[in-house]
Amino acid sequence: MFQDSKRDSVYFNIDHIVHSTGEQQHLLQRRKLLRSWRQLTRLQKNLMCFVMVVGVLMLAFWILVRGLFSDITRNELTFIDPNSGPLPNNAPSPEKLIDQLVVEEPSVNKRIDTIVNVKDQYEEPQKEEEEEDNKLDSYADAAAKDGLKENGKQKSLHLKEPETVEKPKTVAKGPVVFAPADNPRQKSVIKAFLHAWHGYKKFAWGHDHLKPISGGKDNWFGLGLSIVDSLDTMYIMNLKDEFQEARDWVDKHLDLNNLNDVNLFEVTIRVLGGLLTAYHFSDDPIFLDKSMELGDHLLPCFSKSPSGIPYSDVNLASRIPHSPRWSPDSSTSEVTTVQLEFRDLSRSTKLPIFEKYAANTSKIVHGLKKMDGLVPIFINPVTGKFLANSEIKLGARGDSYYEYLLKQWIQTGKTIDYLRDDYLEAIDGVSKHLVRYTGIHKWLFIGELKSGSREFFPKMDHLVCYLPGTLALGVHHGLPQHHLDLANGLLQTCYQMYALQPTFLSPEIAYFNTDATGKPDLYVLPNDAHNLLRPEFLESLFYMYQITGNTTYQDWAWNIFQAFEKYTKVANGYSSIGNVLDPQNTKPRDKMESFFLSETLKYLYLILSSDRRLLDIDKYVINSEGHPLPIYDS
């Protein structure tokens, strides 16, 4: 016992001695370091402090970025709607699909159409490709089981397999030649474009939008939207120097690997559409190279969706898709307004995967239950279902779904019947549920059905003014003639939205009275009195002028152009305004959207041409951002 205690005591003392010796050594080391520090000059001390601070900041930034990606992955990719039930186990395998997009690099003098077909480059066996197609088909089959029923019986869906592209047939062979401006009105539009372009070039070059009053710049996605969106406008106007300058920027500076979140719909219609049209017009392979690269970055919105309905947003660098920050749902119009571009990308590159995913989304939506062809404005990418009882309207978040039903049918040589049938059913639904007439002048307008109650509301966005042109385009391609009556009636009302305002510029939203009580047929609320330089009415005038040859539509367009010149032109470009109701107080907003260059001025230029087929709608189908794409045989 004593020995045990003694042994313990000896052990303790040795430990203490060792510990004390260690402390002394540590103290000596500290004194040496302190002495060395004092011997340093002030400059050396400052440099060492600076290096330490930079190192700490870099470490903190790395931890923050890593946490951000972790949060995005955790919150977005594993999000499950509590009402949606378990996730389907048939989701596509995205990494494999993206890896399959590597193609040969074309030389300078080598046309892009020599790119090897993606089928020859699949690393997986043919069986894997067939399994992927089966997964895509299963989405549409699931939708069909829940969807359209009439009198208790399942409605025939006429579903077809996703298109496979063996030998794409392109109508337009570049470079395309457009005749120069042939009258003073057209030349005035060119002058307006150059005024806007020079302001953008001076103050916002390489950025998304110009702030024309302050001489500033605005970035949305960081993709030079105003440059890419304007390419085909400059080409059509024969602005060769400006087009070449923009082309060189795309080649050298359009970077798709920035850590930016972008919206699938907006980037598809503006950037992908703009690049593809520039390729078809100019035959320059750089535009197709960039188109293919962009499609590769956007594809995860489809391939990582558990339902086949794409996510609305994606990070370009990480390629992580996600829902918008404010909602788990996507806008119905957005997920159904990318098909023209993705199909054309597949046909141009001979890579079928883009078309398969985008066309399959249309098949899924086709199979969902609707209200006489009308769709709610929200849809969930996890469940693949519409948001129950959300609004039904042809304005924001609903508009271009109907437009792309018709235009996809035209793009594919009128060979996909369910697209035409869904469009026809929808127009009948519009006539049945949304069309009303004002009390005094009997102006035709298209209202909305409120969320929940589906009560009719006499409100119409300026965005709805695209519909007369779409209806006329359908009639031009053989659809019912009575659609033209609806087009003409709505066109008159849209013109009144301009003509009734003191500035001769339309508000963003108008309201209507349906009873003859002495109140005005059309009125505008102050919060809705802004004008964003939108193109939708001019788009309809373009179609009506080309189809009918009626020069009245040219005069209407010229009146609107003069109003833009008078009330929106500023020193460095054109500015959206906040108030169309008071010419003395228009409240300029200091922003010029890219669609002013891409669509508004382009449609004005085409309408005012003496050759109403300067851009032939029998050869091209025009996307929702005004970019013409070739019509195929099937």
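Because the structure is a prediction, the values reported are computed rather than measured.

Visitor: Residue-level account of the environment of Phe595, with values.
Guide: The topology assignment puts Phe595 in helix H20 (residues 594–607). Residue classification places Phe595 among the buried positions, given a relative accessible area of 6%. Each C-alpha atom of the pair Phe595 and Leu533 lies 8.1 Å from the other, and the pair is 62 residues apart in sequence. Contact partners of Phe595, with chain neighbours within four places excluded, come to Asp229, Arg270, Leu532, Leu533, Arg534, Pro535, Thr600 and Glu625.

Visitor: Account for the sheet that holds strand S5 (residues 261–263), naming residues and giving values.
Guide: Taken in spatial order, the three strands make up an open sheet running S5-S6-S7, and their pairing is antiparallel. The sheet is open, and its two edges are formed by S5 and strand S7 (321–322), each paired on a single side. The pairing of S5 with strand S6 (residues 313–315) spans three bridges and is classified as antiparallel. In the sheet register, Asp261 faces S6, and the bridge partner there is Asn315. Of the strands in this sheet, S5 and S6 touch helix H8 (residues 264–282), which is tilted by about 70 degrees from S5.

Visitor: A description of the sheet that holds strand S16 (residues 522–523) should follow, citing residues and the corresponding values.
Guide: If you trace the three strands from one edge of the open sheet to the other, you get S14-S15-S16, paired in antiparallel fashion. Whereas interior strands pair on both sides, the edge strands pair on one side only; in this sheet they are strand S14 (459–461) and S16. Sheet analysis places strand S15 (residues 509–512) next to S16, joined by two bridges and oriented antiparallel. Bridged to Phe512 within S16 is Leu522.

Visitor: Let's hear about the state of the cysteines: which residues, and what values?
Guide: Counted according to the given criterion, the structure contains one disulfide. One disulfide bridge connects Cys465 with Cys494, the sulfur atoms lying 2.1 Å from each other. Looking down the S-S bond of the Cys465 and Cys494 bridge, the torsion is -100 degrees, so its handedness is left-handed. With Cys465 in the loop between S14 and helix H16 (467–476) and Cys494 in helix H17 (residues 483–499), this residue pair connects regions lying 29 residues apart in the sequence. In terms of burial, Cys465 and Cys494 fall into one category: buried.

Visitor: Go over the UniProt feature "binding site: Ca(2+)" (unreviewed entry) in the protein, please, and point to the residues and values.
Guide: Under the UniProt annotation, the feature "binding site: Ca(2+)" (unreviewed entry) is placed at Ser624. Ser624 gets classed as buried once you look at its relative accessible area, which sits at 17%.

Visitor: Describe the UniProt feature "active site" (unreviewed entry) in the protein, with residues and values.
Guide: Taken from the UniProt record, the annotation "active site" (unreviewed entry) applies to Glu266, Asp399, Glu508 and Glu536. Within the fold, Glu266 resides in helix H8. Since its relative accessible area comes to 14%, Glu266 is described here as buried. Here Glu536 shows up in helix H18 (residues 536–548). When residues no more than four places from it in sequence are discounted, the contact partners of Glu536 are His462, Leu463, Cys465 and Tyr466. A distance of 3.5 Å separates a polar atom in the side chain of Glu536 from a polar atom in the side chain of His462.

Visitor: Before we move on, could you go through helix H6 (residues 225–236) and cite the residues and values that matter?
Guide: A large share of H6 lies buried, amounting to twelve of its twelve residues. All buried positions along H6 are accounted for by Leu225, Ser226, Ile227, Val228, Asp229, Ser230, Leu231, Asp232, Thr233, Met234, Tyr235 and Ile236. Among the residues trailing H6, Asn238 stands out with phi positive, at a value near 60 degrees.

Visitor: Could you give me a rundown of the pattern of salt bridges, with the residues and numbers involved?
Guide: Summed over the entire model, instances satisfying the criterion amount to 25 salt bridges. The partner of Lys432 in a salt bridge is Asp372, with the nearest N and O atoms 3.2 Å apart. Placement of the pair is Lys432 in helix H15 (residues 417–433) and Asp372 in the loop between helix H13 (353–367) and strand S9 (378–379), with a sequence separation of 60 residues. A residue is classified by how much of its surface remains accessible, and Lys432, at 57% relative accessible area, is exposed. As a salt-bridge pair, Lys591 and Glu593 come within 3.9 Å of each other at their nearest N and O atoms. Residues joined by salt bridges that share partners form a network here, namely Asp218, Glu266, Arg270, Lys591 and Glu593.

Definitions and cut-offs
- Residues numbered from 1 in each chain as written.
- Predicted model: local features only at pLDDT ≥ 70, side-chain atom pairs only at ≥ 80, totals over all residues.
- Heavy atoms only, no water.
- Helix = DSSP H or I, 4+ residues; strand = E, 2+ residues; numbered from the N terminus.
- Buried < 20%, exposed > 50% of the residue type's maximum accessible area, 1.4 Å probe, protein only.
- Contact = heavy atoms within 4.5 Å.
- Pairing = 2+ DSSP bridges.
- Axes fitted to C-alpha atoms, helices over the stretch in contact; angles between N-to-C directions.
- Disulfide = S-S within 2.5 Å.
- UniProt positions renumbered as here; feature names shortened; annotations may be inferred.
- Polar contact = N/O pair within 3.5 Å; in protein donor to acceptor, adjacent residues only side chain to side chain.
- Salt bridge = Lys/Arg side-chain N within 4 Å of Asp/Glu carboxyl O.

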